[in-house]
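# Analysis of the macromolecular model
Spelled out from the first residue to the last, the chains are:
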Amino acid sequence: MSDSVVELVEDGPCRFRIPRRAGMRVDGVVFATPGLLPEMAGDQALKQVENVAKLPGIVGASYAMPDVHWGYGFPIGGVAATDTEAGGVVSPGGVGFDISCGVRLLAARCDREALDDHLELLMDALGHATPRGAGKGAVWHLGRSELREVLAEGARYAVEQGHGVQRDLDRCEDEGVLEGAAAEGLSDRALQRGLGQLGSLGSGNHFLEVQAVDAVYDERAARAMGFAEGQVCVMIHCGSRGLGHQVCTDHVRKMDRAMARYGIEVPDRQLASVPADSPEGEEYLAAMAAAANYARANRQLLTESARGVFRRIVGADLDLVYDISHNLAKIEDHQVNGDRRRLCVHRKGATRALPAGHPDLPEDLAEVGQPVLIPGTMGTASYVLTGVPEGEAWYSTCHGAGRVRSRHQAAREVRAGRLRGELAEAGITVRAGTARGLAEEAPLAYKDIDEVVAASEGAKLCSKVARLVPIGVVKG
DNA sequence: ATGTGC
């Protein structure tokens, strides 16, 4: 089909536009440098940006972040907001299978020199204390009633049960709990999968990493966030495991059937969606919130197990810098053409980035903005950014490096043993789940994180606070 | 991402 070629117009620094044409309700906007545009053979990411622009009720534009790549229905690295008061839809594909997958950063009360003598011991202990791998759990074995509490109350319930401190809630997005969660709406299969996985990493690109602050670009922000150059940090990247996956599967199926009743047609079945304020839409948002709460509690429990290891081996405590999701739909108020509107903002592989002065920020971050946590790959840097007042795309930015090689292709090209050696030479020690998993996550399978962050900053989506480098990696 | 694919 000739119309499958996407027209892309250069439209300012780090910015391309996909002009509106037949069926599109808004433009597509791709924040990237030419070198970061998807070029993997068969990569349909830009076509997906165009498809998303056809969703009922979409406002602004169909946005793509510099780490954009091909995903289920929506591209990963996509942001789309719909007007809930004007028939705007919600789509599970706009959130992704790993609901509320996200990143949490902890600052250790020690500098990197403190690890010199016992890094291997520390990594062995972290590897031992961190359940991981497909289908594997869990730090906390739950009963059914406890699971319901986790789904309703998220990290707040974990902290109430003694797994954490008040600051863990103060520094978590939504203070640790997304309101409006309804565990009753979850299928028995979703609940069953959630029972045995709370406090586990999963697999793929999920990790727990010991890092050091390598450079600080914004001293004032770093101080307020709670870290300084040379300090040791722990970054945890994981999500809602099998439970979130099952919630997505269940609701894609339901919406696929319900769509016709609302007169909704989408260019790709993977974009299955219903009005956000319809019974099916509200049911999805409530189930999604429950999965998001599970993800936050999951990261909270992994935090507690890492804390135990750090106290025992290093004698240092870990303080939460922030916890932020990059796979979520949220109901948010925004200005649209001069009017305050209630939007359903889908961020899939994209991170909320609130600027200084935003009312949703905790008091001690009000003057510097929300920490935006961007994981690199296991051989490369990670970043802490913050939102900026210009913040287009409903205050959103990138979420990571973004894949450029498929898992299959990476596994074919990379030998795990050799990769492990290269990482060791670079001073990075790895505790891997499987050799295959390690190869699939090799740095060469991803875009250059430094370029992605530079493009995000160049597009005025965020501003750099600090760069972190890996020391030890626990891989799923 | 995922008890790794209809």
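Residues numbered from 1 in each chain as written. Chains lettered and ligands numbered in written order. Predicted model: local features only at pLDDT ≥ 70, side-chain atom pairs only at ≥ 80, totals over all residues. Heavy atoms only, no water.

The name an unreviewed UniProt entry gives chain A is tRNA-splicing ligase RtcB, with Streptomyces litchfieldiae as the organism. The Catalytic activity (unreviewed entry) comment attached to chain A in UniProt states, word for word, "a 3'-end 3'-phospho-ribonucleotide-RNA + a 5'-end dephospho-ribonucleoside-RNA + GTP = a ribonucleotidyl-ribonucleotide-RNA + GMP + diphosphate". (UniProt positions renumbered as here; feature names shortened; annotations may be inferred.)

### Considerations on the sheet that holds strand β1 (residues 9–10)
In spatial order, the strands read β1-β2-β3-β4-β5-β13-β12; together these 7 strands make up an open sheet with mixed pairing. Two strands lie at the open edges of the sheet, namely β1 and β12 (327–336), each paired on one side alone. (Pairing = 2+ DSSP bridges. Helix = DSSP H or I, 4+ residues; strand = E, 2+ residues; numbered from the N terminus.)

### Observations concerning the pattern of salt bridges
For the structure shown, the criterion picks out 39 salt bridges. Residue E153 is joined to R156 by a salt bridge in which the shortest nitrogen-to-oxygen separation is 2.8 Å. Within this pair, E153 and its partner R156 are both found in helix α3 (residues 144–160), separated by 3 residues, close to a single helical turn. Using a relative accessible area of 22% as the deciding quantity, one classes E153 as partly exposed. Of the residues examined, R156 reaches a relative accessible area of 28% and is grouped as partly exposed. Residue K330 is joined to D174 by a salt bridge in which the shortest nitrogen-to-oxygen separation is 2.9 Å. You can see K330 sitting in strand β12 and its partner D174 sitting in the loop between α4 (166–170) and α5 (188–195), a full 156 residues away along the chain. (Salt bridge = Lys/Arg side-chain N within 4 Å of Asp/Glu carboxyl O. Buried < 20%, exposed > 50% of the residue type's maximum accessible area, 1.4 Å probe, protein only.)

### So, the layout of surface pockets
By volume, the largest pocket amounts to about 1,200 Å³. Forming the walls of the largest pocket are 47 residues, and the residues nearest its centre are S203, G204, N205, H206 and R407. Mapped by element, the contributors of at least two residues to the lining of the largest pocket are α7 (241–258) and α12 (435–440). When the residues that make up the lining of the largest pocket are grouped by side-chain class, the tally is 13 nonpolar, 24 polar and 10 charged. Quantified by volume, the second largest pocket comes out at close to 670 Å³. In this structure, the second largest pocket is lined by 30 residues; those nearest its centre are D174, K330, I331, R352 and D360. When residues of the lining of the second largest pocket are traced back to their parent elements, those giving at least two are α8 (279–313), β12 and α9 (392–395). Class assignment for the residues of the lining of the second largest pocket results in 15 nonpolar, 4 polar and 11 charged. (1 Å grid on protein atoms, 1.4 Å probe; cavity = no way out; pocket = protein on both sides within 12 Å on 5 of 7 lines; lining within 4 Å. Points joined across faces, edges and corners; volume = space filled by probe spheres on them. Nonpolar A, V, L, I, M, F, W, Y, C, P; charged D, E, K, R; others polar.)

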